[in-house]
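Geometric and topological summary
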Amino acid sequence: MIWLQGNEAVQQLSENVLLYDLAQMRGNSALLSRIPENVGGVYAWYRRFELKPTAIHDPEVFTASILDELSKDHCASREARLPPSHRISLQPETSFTKEGDLRAFAADPSFRQLLFMLLDNSLIFQQPLYIGKASNLHSRICSHLREESILRERLKAAGHNINRCRLLLIHTSFTMPTFVSDGADEEDDVDNQASEDCELSDLASEGLVEDILSRLFLPSFTLRYG
Amino acid sequence: MLIIPKTEGKARFNKPLYGMTGTYTLSEGIALPYFLSLVEINRAIDELKIAEQIPASLDTQWSLKELFQREIDDKRVEDDIVKGYLLDPKKLKFFNAITIVLMPKGADGKIQDTFDSSTSIEPPPIPWDGTDPDDTQWNHAEANVANFSGVQFISIGLSARLRWDEDRVLAVAVDGQHRLWALRTFREDQNFRGGTLRTVEERTKVPVLFVLLHPSAGFQNALGEGDYSIRGISRELFTDLNKNAKTVDKARELILDDKSINAQCVRTLLTERTGEDSKERLPLSLVRWQDDSNRFDSSYYLNSLVHLDLLVSATLDLKLPRDPMDKKQVNEFIKSINSALGINEQEVEYQGRLLSQYYSEDYCDEDGEPDTPFARLPENYLDSAVKGFQVNFRPWLLKLLLEFKPYRNLLKYSREHNLIEGTFGKFQAQTNKHRGIIKEQEIAKDSDWHNREILAPQAAIASMKDNQWAFKAIFQKAMVRLGKMVDFEYKGKDKNLGNIDDVLNFLDRLYDKGVLRVDAILTDYPFRLWTFIAINPGNDKIKVAKAVEDRIFSLLCLWYYGSRKIELDAANGERILSNRKLLNFFKAEANKAQWPSCTEVYTLLYKGFNTNAFYGRDHDQLSEDRKKGMVLERFSAILADGLPQIDISSSNYSFADEVDEELGLEQES
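Here is a short report on the structure shown in this document. (Residues numbered from 1 in each chain as written. Chains lettered and ligands numbered in written order. Predicted model: local features only at pLDDT ≥ 70, side-chain atom pairs only at ≥ 80, totals over all residues. Heavy atoms only, no water.)

1. Comments concerning the overall build of chain B
Test applied: The numbering of helices and of strands both runs from the N terminus, where a helix is a DSSP run of H or I of at least 4 residues and a strand a run of E of at least 2. Any residue under 20% of the maximum accessible area for its type is buried, any over 50% is exposed, and the rest in between are partly exposed; the area is computed with a 1.4 Å probe on protein chains only. Contact criterion: two residues are considered in contact whenever any of their non-hydrogen atoms come within 4.5 Å of each other.
Each helix and strand counted, chain B has 26 helices and 13 strands in total. In chain B, which comprises 669 residues, the proportion classed as buried is 50%. Look at the contacts in chain B between residues 6 or more apart in sequence, and 69% of them connect residues 24 or more apart.

Rendered as structure tokens:
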């Protein structure tokens, strides 16, 4: 297998950049024990493709696995008011018209091998699932991982398991623990998904960074792009 | 919780109860008559009382706490007995007799010392109701009829009939009061049934044993000593019954219980019977299974059943719901089961149905709200869960418990001397009494038999354990935590942490080096190596506490991380950090990404040293800098004791400078 980004539980991509593969750890504490406390920064969640192990040898299983991945929602559904008298609702939908081709090509082991390799290395092609900025990454990721967290539920509804994703952390600062509380992070988390105006405050610059990144990279499970 | 009994419209005397009578005459001069009856569940709930139902004003005057010694534990009643047992639709429900003492009650509601014979009470008629032809039979010439102070007790041979006046007599439970209260809660509490039992439930009859403390019922007490008032006797009965009703001990439960996930998992680690050896299991012959003790640091034991249970329980870390009707808690519990016991991170399942699906479909109503308590892993799912244990935990756990050098040595000695399958193992598998008989028989034939066959091997194994941490339960738990982190949490695939074989090699090296002796010294330092971590500075005794287990785990982690880092750096031709620099490295928050919780591990150990006992008599005159220097000096010496010796000549690495610079993104605490 060719690895473009490596294949370890935790990879240090550069001094302050870490990539975590949650599928290689068991339990939330296994991840949280590897995220520094009181570090602020930007983070992004990425989808991880896990085709059935037998798919590499079996064209049928291979085709079914690819179709299964294709059928998962690729972004969150959206709803908005259309003033003065309408509301609009958008649902994700993926159509794939080349099932026949896929079945035909799946018979070729080198095609299966190629697709396997590309999906395993898909981080470099991917639109992130979610991008955020937090003054305490540890606390923010902890709230994302919590049972029934907003992001966990949103991903689950689309067939994605947050505990099987990849997580990229870019540390930007150390902060004193007293400056940040879990509550603030929770609020932050909700803010990011609500359409409220931010007042200029300590958190305003974080919100702005988040908005800019969301606008630029359109993370598919973020509801508000700023 | 206050439950008002349904007493409206009752006659003074209750309806007759029928049953059998007998007498305990096991103490000379004492005859204690009793009456055993099968009481319909609704009558038992209505007519039998618990101590706390005696009017509260009596409490101060009659010292109910002293009399009954045990208060009702409402939480146990609601959570364990009602939600966890009576409301569980899948459980067989059975319990043995409730014991009741009939106690005389005065007009003021207070319990009397004796049944008052001065006031005459009109005995109730026989039959109790003219329309009951069966009851008429008790109006018989051979019947012994006792009417005393509101009690009517009739016996004909073994058969008997009992009634009492509920205004003058209280039928109080001296054994089974929690069960009785649970039945009442089950029927009356609005949170559960709200006043009614189902028709099928109403058919239940509860065995009740009434103790009759009146001479006309056959009670005799020729002893003049002690408190033989009704209260005094009740107190004595209550204390004896509750003291002697011992629950099944933990070790037996682990051997016998087929419904407990822990017990089943523990059993996968052991041979099925004594006298049986296996390379892949702990031989039961060498495991302490005969009692409830978790210790295995003396005699011939390789481990103990109770400790294995504690290990499994801590390793699985299942989040049992405190309230089995709370959906969030139950979901957490199911999640913990799946996370620990799901194979390839799939959910635990039965016939294709996932556990979470089973819960939402069978334990919740159409709105998704729970309508049935979920207190334990359902039996159908046990097989799948045990298979999960065998895949996720058993291999590395057994590796640690069998292949760590001190255990390997013990097993080697046992096999060489045929202790598992031979006479020794067979002897140890006997009951205490049988061991005595066999010993006498064998000594009669060969006077040295016991010394040679039993005592000598026992002593030889005991000497192998002498002062070794490996045989201390608290250390083994910490060691298994390290194994779990490496092989379960990171699947044995993390390049820094390595796998269980790396952990085993690391532990063997520490053992060979003598570092894992409880009394290991720290050369050139006043206290022993393990002082301030796990042994007391004053008397060198082991402190047994969670904080100590955490410190042992932390030290093992730090030694392991340090060893791995040195080995990896050496292999990669990178510079090797000095001990002080290694400490700084693991103190740094940023390095947690590669070495899980290294900062916490460092901080926990630092705190262990940061005590007045460590700083000595002049502790109040030392500056904070001096104290820090003292801690770091000792800390660094301890770290060095657990690190591997690197052969400088054979590789191209070099030691980093001894400059005490900070590494990584670090914050001072």
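2. What about the overall build of chain A?
Condition: In this description, accessible areas are obtained by the Shrake-Rupley approach with a 1.4 Å probe, and a residue is regarded as covered only by the protein chains that are shown.
In terms of regular secondary structure, chain A is built from 8 helices and 7 strands. Out of the 226 residues belonging to chain A, those deemed buried represent 47%. Sequence-distant contacts in chain A: of pairs separated by 6 or more residues, those separated by 24 or more amount to 74%. Put simply, chain A shows about 11600 Å² of open surface, and 57% of that area lies on carbon and sulfur atoms.

3. As for unusual backbone geometry
Here the amide bond leading from Pro83(A) into Pro84(A) is cis, since omega sits at 5°, within 30 degrees of zero. Take Pro84(A): it is sitting in the loop between strand E4 (78–82) and strand E5 (86–90). A cis amide bond links Ile126(B) to the next residue, Pro127(B), at an omega of 0°. Assignment of secondary structure puts Pro127(B) in the loop between strand E3 (98–104) and helix H5 (133–136).

4. With respect to the interface of chain B and chain A
As a reminder of what qualifies: The quantity reported as buried area is the accessible area (1.4 Å probe) lost by two parts once they are put together, taken as the sum for both. A side-chain nitrogen of Lys or Arg and a carboxyl oxygen of Asp or Glu constitute a salt bridge if their distance falls within 4 Å. The definition of a polar contact used here is a pair of N or O atoms within 3.5 Å, where within protein one atom must be able to donate a hydrogen and the other to accept one, and adjacent residues in sequence count solely through side-chain atom pairs.
In this complex, chain B contributes 25 residues to the contact, which on the side of chain A involves 27 residues. Between chain B and chain A, roughly 2300 Å² of surface is buried when both sides are summed, and carbon and sulfur atoms account for 45% of that area. Counting the contacts that link chain B with chain A gives 3 salt bridges. Across the pair Arg34(A) and Asp494(B) runs a salt bridge, and its minimum N-O distance is 2.8 Å. Inspection of the chain B/chain A interface yields 13 residue pairs in polar contact (both at pLDDT 80 or more).

5. Re the packing of helix H20 (residues 473–489) of chain B against helix H21 (residues 500–513) of chain B
Residue and element names in this part refer to chain B. This is how it is decided: With axes taken as lines fitted to C-alpha atoms, and helix axes fitted only over the stretch in contact, angles between N-to-C directions fall between 0 and 180 degrees. When an angle is under 35 degrees it counts as roughly parallel; over 145 it counts as roughly antiparallel; between 65 and 115 it counts as roughly perpendicular; any other value is oblique. By definition, any crossing whose near helix is turned counterclockwise from its far helix by less than a right angle is left-handed, and any crossing with a clockwise turn is right-handed.
Where H20 contacts H21, the axes come no closer than 9 Å and their chain directions differ by 150°. The orientation of H20 with respect to H21, classified from their angle, is roughly antiparallel. Every pair of crossing elements has a handedness; the one defined by H20 and H21 is right-handed. Only Ile-500, Val-503, Phe-506 and Leu-507 of H21 make contact with H20, whose side of the interface consists of Met-479, Leu-482, Gly-483, Val-486 and Asp-487.

6. Here's the deal with the nonpolar core
Selection rule: Definition of nonpolar core: a set of buried residues of the types Ala, Val, Leu, Ile, Met, Phe, Trp, Tyr and Cys, connected through side-chain atoms within 4.5 Å.
If you look at the biggest cluster of nonpolar residues, it comprises 154 residues, and the most contacted ones within it are Tyr20(A), Trp45(A), Trp530(B), Leu556(B) and Trp559(B). Among the elements that make up this core, the one with the highest residue count is helix H22 (residues 546–571) of chain B (12 residues). Contact partners of Leu556(B), with chain neighbours within four places excluded, come to Phe475(B), Ala478(B), Met479(B), Leu482(B), Phe506(B), Leu507(B) and Leu510(B). Of all hydrophobic cores here, the second largest spans 54 residues; its members include Val82(B), Val151(B), Ala217(B) and Phe219(B).

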